[in-house]
Amino acid sequence: KAGVTQTPRYLIKTRGQQVTLSCSPISGHRSVSWYQQTPGQGLQFLFEYFSETQRNKGNFPGRFSGRQFSNSRSEMNVSTLELGDSALYLCASSYGGTASYEQYFGPGTRLTVT
Amino acid sequence: AQSVTQPDIHITVSEGASLELRCNYSYGATPYLFWYVQSPGQGLQLLLKYFSGDTLVQGIKGFEAEFKRSQSSFNLRKPSVHWSDAAEYFCAVGDGNKLVFGAGTILRVKS
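Anyway, here's the lowdown on the structure attached to this text. Just so you know, these numbers come straight off a predicted model, no measurement behind them.

Considering the sheet that holds strand β3 (residues 19-24) of chain A
Sheet strands pair by backbone hydrogen bonding; their relative direction is either parallel or antiparallel.
All names here are of chain A.
Working step 1: Strand order in the open sheet made by the four strands is β1-β3-β8-β7, with antiparallel pairing throughout. Looking at the sheet topology across the chains shown, the edges are occupied by β1 (5-7) and β7 (64-68). When the angles between neighbouring strand axes are averaged without regard to direction, this sheet yields 20°.
Working step 2: Judged from the three bridges that link them, β1 and β3 form a sheet pairing that is antiparallel. By the bridge assignment for β3, T7 is matched with S22.

Laid out in C-alpha coordinates, this is it:
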(Lines give C-alpha, C1' and ligand atoms only; values in the text may rest on other atoms or scores of the structure.)
Protein backbone atom coordinates (compact mmCIF):
# COMPACT_ATOMS: atom_id res chain seq x y z
CA LYS A 1 0.00 0.00 0.00
CA ALA A 2 1.41 3.37 -0.95
CA GLY A 3 2.29 5.74 1.86
CA VAL A 4 1.35 9.34 2.45
CA THR A 5 2.55 11.60 -0.32
CA GLN A 6 3.17 15.32 -0.11
CA THR A 7 3.82 17.79 -2.86
CA PRO A 8 5.88 19.71 -3.44
CA ARG A 9 8.80 18.49 -1.35
CA TYR A 10 10.56 21.84 -1.35
CA LEU A 11 9.35 25.40 -1.76
CA ILE A 12 10.98 28.79 -1.62
CA LYS A 13 8.66 31.75 -1.27
CA THR A 14 8.99 35.43 -0.57
CA ARG A 15 7.54 37.16 2.45
CA GLY A 16 3.98 38.30 1.77
CA GLN A 17 3.23 35.58 -0.79
CA GLN A 18 0.87 32.71 -0.24
CA VAL A 19 1.50 28.99 -0.62
CA THR A 20 -0.56 25.82 -1.00
CA LEU A 21 0.71 22.42 0.08
CA SER A 22 -0.89 19.14 -0.91
CA CYS A 23 -1.24 15.80 0.85
CA SER A 24 -2.57 12.47 -0.40
CA PRO A 25 -3.34 10.02 2.42
CA ILE A 26 -2.91 6.29 2.50
CA SER A 27 -5.70 4.57 0.60
CA GLY A 28 -8.67 3.98 2.91
CA HIS A 29 -7.60 6.63 5.42
CA ARG A 30 -10.18 9.34 5.92
CA SER A 31 -8.43 11.56 8.45
CA VAL A 32 -5.64 13.94 7.55
CA SER A 33 -3.68 16.00 10.05
CA TRP A 34 -1.10 18.70 9.49
CA TYR A 35 1.86 19.55 11.68
CA GLN A 36 4.52 22.23 11.57
CA GLN A 37 8.04 21.32 12.60
CA THR A 38 10.63 23.97 13.45
CA PRO A 39 13.89 23.77 15.42
CA GLY A 40 12.58 26.20 18.01
CA GLN A 41 9.01 25.03 18.53
CA GLY A 42 9.31 21.37 17.60
CA LEU A 43 6.27 19.55 16.23
CA GLN A 44 3.07 21.53 16.53
CA PHE A 45 -0.41 20.50 15.48
CA LEU A 46 -2.08 22.70 12.86
CA PHE A 47 -5.43 21.05 12.10
CA GLU A 48 -7.18 17.78 11.39
CA TYR A 49 -9.79 16.93 8.79
CA PHE A 50 -12.14 14.00 8.63
CA SER A 51 -14.71 13.51 5.88
CA GLU A 52 -14.11 17.03 4.58
CA THR A 53 -14.77 18.60 8.00
CA GLN A 54 -12.22 20.27 10.22
CA ARG A 55 -12.51 18.54 13.59
CA ASN A 56 -9.65 20.10 15.45
CA LYS A 57 -7.44 23.14 15.10
CA GLY A 58 -4.20 24.10 16.77
CA ASN A 59 -3.12 27.48 18.02
CA PHE A 60 -2.09 29.08 14.75
CA PRO A 61 -3.21 32.38 13.21
CA GLY A 62 -5.96 32.52 10.63
CA ARG A 63 -3.37 32.82 7.87
CA PHE A 64 -3.11 29.04 8.12
CA SER A 65 -6.06 27.24 6.60
CA GLY A 66 -6.83 23.89 5.11
CA ARG A 67 -9.42 21.80 3.41
CA GLN A 68 -10.13 18.20 2.55
CA PHE A 69 -11.68 16.86 -0.61
CA SER A 70 -14.13 14.01 -1.07
CA ASN A 71 -11.28 11.65 -1.99
CA SER A 72 -9.64 12.50 1.38
CA ARG A 73 -6.80 14.44 -0.23
CA SER A 74 -6.01 17.59 1.70
CA GLU A 75 -4.45 20.94 1.08
CA MET A 76 -3.19 23.55 3.45
CA ASN A 77 -2.73 27.17 2.59
CA VAL A 78 -0.64 29.84 4.23
CA SER A 79 -1.35 33.41 3.22
CA THR A 80 0.81 36.48 3.72
CA LEU A 81 3.90 34.45 4.46
CA GLU A 82 6.23 35.53 7.24
CA LEU A 83 9.86 34.57 7.78
CA GLY A 84 8.78 32.56 10.81
CA ASP A 85 6.65 30.31 8.63
CA SER A 86 9.79 28.63 7.35
CA ALA A 87 9.42 25.05 8.51
CA LEU A 88 8.90 21.44 7.58
CA TYR A 89 5.18 20.85 7.11
CA LEU A 90 4.15 17.29 7.78
CA CYS A 91 0.94 15.63 6.80
CA ALA A 92 -0.30 12.50 8.54
CA SER A 93 -3.17 10.21 7.75
CA SER A 94 -5.19 7.73 9.77
CA TYR A 95 -8.38 5.72 9.45
CA GLY A 96 -10.20 8.30 11.50
CA GLY A 97 -13.31 7.64 13.45
CA THR A 98 -13.59 8.52 17.10
CA ALA A 99 -9.87 8.73 17.60
CA SER A 100 -7.31 9.30 14.92
CA TYR A 101 -4.24 8.63 16.96
CA GLU A 102 -2.45 6.05 14.86
CA GLN A 103 -1.08 8.44 12.31
CA TYR A 104 1.25 7.76 9.41
CA PHE A 105 3.36 10.60 8.17
CA GLY A 106 4.46 11.76 4.77
CA PRO A 107 7.97 12.99 3.96
CA GLY A 108 7.00 16.61 4.48
CA THR A 109 7.23 19.82 2.51
CA ARG A 110 10.19 22.03 3.35
CA LEU A 111 9.05 25.65 3.06
CA THR A 112 11.61 28.42 3.08
CA VAL A 113 10.40 32.02 3.27
CA THR A 114 12.90 34.71 2.25
CA ALA B 1 -3.19 20.33 28.47
CA GLN B 2 -1.46 17.10 27.75
CA SER B 3 2.30 17.20 27.54
CA VAL B 4 5.25 14.96 26.82
CA THR B 5 8.73 15.37 28.22
CA GLN B 6 11.84 13.84 26.76
CA PRO B 7 14.56 14.76 29.24
CA ASP B 8 17.51 13.96 27.01
CA ILE B 9 18.17 16.21 24.03
CA HIS B 10 21.15 14.15 22.84
CA ILE B 11 22.30 10.64 23.61
CA THR B 12 25.42 8.96 22.31
CA VAL B 13 25.86 5.20 22.47
CA SER B 14 28.38 2.81 21.03
CA GLU B 15 27.32 0.47 18.28
CA GLY B 16 26.21 -2.80 19.84
CA ALA B 17 25.41 -1.23 23.18
CA SER B 18 21.93 -1.11 24.66
CA LEU B 19 19.73 1.95 24.43
CA GLU B 20 17.03 3.50 26.55
CA LEU B 21 15.30 6.75 25.61
CA ARG B 22 13.16 8.32 28.27
CA CYS B 23 9.66 9.71 27.89
CA ASN B 24 7.30 11.06 30.53
CA TYR B 25 3.76 12.14 29.79
CA SER B 26 1.04 14.12 31.46
CA TYR B 27 -2.42 12.79 30.74
CA GLY B 28 -5.52 12.34 32.87
CA ALA B 29 -6.89 9.09 31.52
CA THR B 30 -5.28 6.00 30.02
CA PRO B 31 -3.01 7.41 27.36
CA TYR B 32 -2.42 6.37 23.80
CA LEU B 33 1.37 6.51 23.46
CA PHE B 34 3.66 6.39 20.49
CA TRP B 35 7.29 6.47 19.49
CA TYR B 36 8.32 7.84 16.12
CA VAL B 37 11.72 8.08 14.46
CA GLN B 38 12.84 10.75 12.03
CA SER B 39 15.92 10.59 9.84
CA PRO B 40 17.36 13.88 8.57
CA GLY B 41 15.12 15.53 5.99
CA GLN B 42 12.49 12.83 6.30
CA GLY B 43 9.04 12.42 7.77
CA LEU B 44 8.20 10.48 10.92
CA GLN B 45 8.09 6.71 10.97
CA LEU B 46 5.94 4.97 13.56
CA LEU B 47 8.07 2.60 15.66
CA LEU B 48 5.46 1.34 18.10
CA LYS B 49 2.28 2.22 19.93
CA TYR B 50 0.55 1.53 23.23
CA PHE B 51 -3.21 1.62 23.51
CA SER B 52 -3.99 -0.81 26.32
CA GLY B 53 -3.22 -4.29 27.58
CA ASP B 54 0.30 -5.62 27.86
CA THR B 55 2.55 -2.86 29.14
CA LEU B 56 5.55 -4.08 27.15
CA VAL B 57 5.04 -3.41 23.46
CA GLN B 58 7.16 -4.53 20.59
CA GLY B 59 7.81 -2.43 17.54
CA ILE B 60 9.71 -2.44 14.31
CA LYS B 61 13.49 -2.50 13.93
CA GLY B 62 13.93 -4.39 17.22
CA PHE B 63 12.59 -1.62 19.46
CA GLU B 64 10.35 -2.11 22.46
CA ALA B 65 8.79 0.21 25.01
CA GLU B 66 7.36 -0.26 28.46
CA PHE B 67 4.37 1.64 29.79
CA LYS B 68 4.60 2.39 33.51
CA ARG B 69 1.50 4.13 34.77
CA SER B 70 2.91 4.73 38.25
CA GLN B 71 5.82 6.66 36.76
CA SER B 72 3.91 8.22 33.84
CA SER B 73 6.65 6.88 31.61
CA PHE B 74 6.93 5.16 28.27
CA ASN B 75 10.63 4.51 27.71
CA LEU B 76 11.97 3.16 24.46
CA ARG B 77 14.60 0.43 24.50
CA LYS B 78 16.75 -1.56 22.15
CA PRO B 79 19.18 -4.26 23.29
CA SER B 80 21.82 -3.65 20.62
CA VAL B 81 22.08 -0.44 18.64
CA HIS B 82 23.13 -0.37 15.00
CA TRP B 83 24.75 2.59 13.25
CA SER B 84 21.60 2.94 11.13
CA ASP B 85 19.61 3.75 14.29
CA ALA B 86 21.17 7.22 14.42
CA ALA B 87 18.21 9.58 14.07
CA GLU B 88 15.87 11.71 16.13
CA TYR B 89 13.25 9.97 18.23
CA PHE B 90 9.95 11.46 19.29
CA CYS B 91 7.55 10.30 21.96
CA ALA B 92 3.91 11.34 21.52
CA VAL B 93 0.59 11.08 23.32
CA GLY B 94 -2.81 11.07 21.63
CA ASP B 95 -5.01 13.97 22.72
CA GLY B 96 -8.40 14.21 21.07
CA ASN B 97 -7.73 13.82 17.38
CA LYS B 98 -4.17 15.02 17.49
CA LEU B 99 -0.76 13.95 18.70
CA VAL B 100 1.22 15.94 21.24
CA PHE B 101 4.93 15.41 20.77
CA GLY B 102 7.94 15.68 23.01
CA ALA B 103 10.89 17.78 21.94
CA GLY B 104 12.77 14.78 20.63
CA THR B 105 16.01 12.99 21.47
CA ILE B 106 18.83 12.90 18.96
CA LEU B 107 20.61 9.57 19.01
CA ARG B 108 24.22 9.41 17.91
CA VAL B 109 25.89 6.05 17.41
CA LYS B 110 29.64 5.80 17.63
CA SER B 111 31.59 2.96 16.11
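Section: the packing of aromatic side chains
Working step 1: A full pass over the atoms with the stated rule returns 16 aromatic pairs over all chains.
Working step 2: Between F47(A) and Y49(A), the ring centres sit 5.7 Å apart and the planes meet at 70°, which makes this aromatic pair edge-to-face.
Working step 3: Overall, Y49(A) belongs to the buried group, its relative accessible area being 5%.
Working step 4: By way of ring pairs, the aromatic residues Y35(A), F45(A), F105(A), Y32(B), F34(B), Y36(B), F51(B), F90(B) and F101(B) are connected into one cluster.

Looking at the pattern of salt bridges
Working step 1: All told, the structure shown has eleven salt bridges over all chains when counted by the stated rule.
Working step 2: R73(A) serves as the salt-bridge partner of E75(A), at 3.4 Å between the closest nitrogen and oxygen.
Working step 3: Residue E75(A) is classed as buried on the basis of its relative accessible area of 16%.
Working step 4: The exposure class of R73(A) is partly exposed, given its relative accessible area of 25%.
Working step 5: As a salt-bridge pair, D8(B) and R22(B) come within 2.9 Å of each other at their nearest N and O atoms. Linking D8(B) in the loop between β1 (3-5) and β2 (10-14) with R22(B) in the loop between β3 (19-21) and β4 (24-26), this pair joins segments that are 14 residues apart in sequence.
Working step 6: A relative accessible area of 19% places D8(B) in the buried class.
Working step 7: Using a relative accessible area of 39% as the deciding quantity, one classes R22(B) as partly exposed.
Working step 8: A network of salt bridges, in which partner residues are shared, links R63(A), E82(A) and D85(A).

Considerations on the nonpolar core
Working step 1: One finds L19(B), W35(B), L47(B), L48(B), F74(B), L76(B) and Y89(B) to be the most contacted residues of the largest nonpolar core, which totals 26 residues.
Working step 2: Looking at this core, the elements that each hand over two or more residues are β2, β3, β5 (33-38), β6 (44-50), β8 (64-68), β9 (73-78) and β10 (87-95) of chain B.
Working step 3: The greatest single-element share of this core, amounting to four residues, is contributed by β10(B).
Working step 4: If near-sequence neighbours (up to four positions away) are discounted, L48(B) is found in contact with L33(B), F34(B), W35(B), V57(B), Q58(B), G59(B), F63(B), E64(B), A65(B), F74(B) and L76(B).
Working step 5: Among the nonpolar cores identified, the runner-up in size contains 21 residues, and V19(A), L21(A), I26(A) and L81(A) belong to it.

Thoughts on the pairing of β6(B)
Residue and element names in this part refer to chain B.
Working step 1: Within β6, five of the seven residues are buried, leaving the element largely enclosed by the surrounding structure.
Working step 2: As paired strands, β5 and β6 are joined by six bridges and run antiparallel to one another. Bridge pairing in β6 places V37 opposite Q45.

Each value, and the rule that gives it
- Residues numbered from 1 in each chain as written.
- Chains lettered and ligands numbered in written order.
- Predicted model: local features only at pLDDT ≥ 70, side-chain atom pairs only at ≥ 80, totals over all residues.
- Heavy atoms only, no water.
- Pairing = 2+ DSSP bridges.
- Helix = DSSP H or I, 4+ residues; strand = E, 2+ residues; numbered from the N terminus.
- Axes fitted to C-alpha atoms, helices over the stretch in contact; angles between N-to-C directions.
- Phe/Tyr/Trp six-rings, centres within 6.5 Å; stacked < 30°, edge-to-face > 60°.
- Buried < 20%, exposed > 50% of the residue type's maximum accessible area, 1.4 Å probe, protein only.
- Salt bridge = Lys/Arg side-chain N within 4 Å of Asp/Glu carboxyl O.
- Core = buried A, V, L, I, M, F, W, Y, C linked by side-chain atoms within 4.5 Å.
- Contact = heavy atoms within 4.5 Å.

From the geometry alone we can't say anything about function, so treat these as descriptive.
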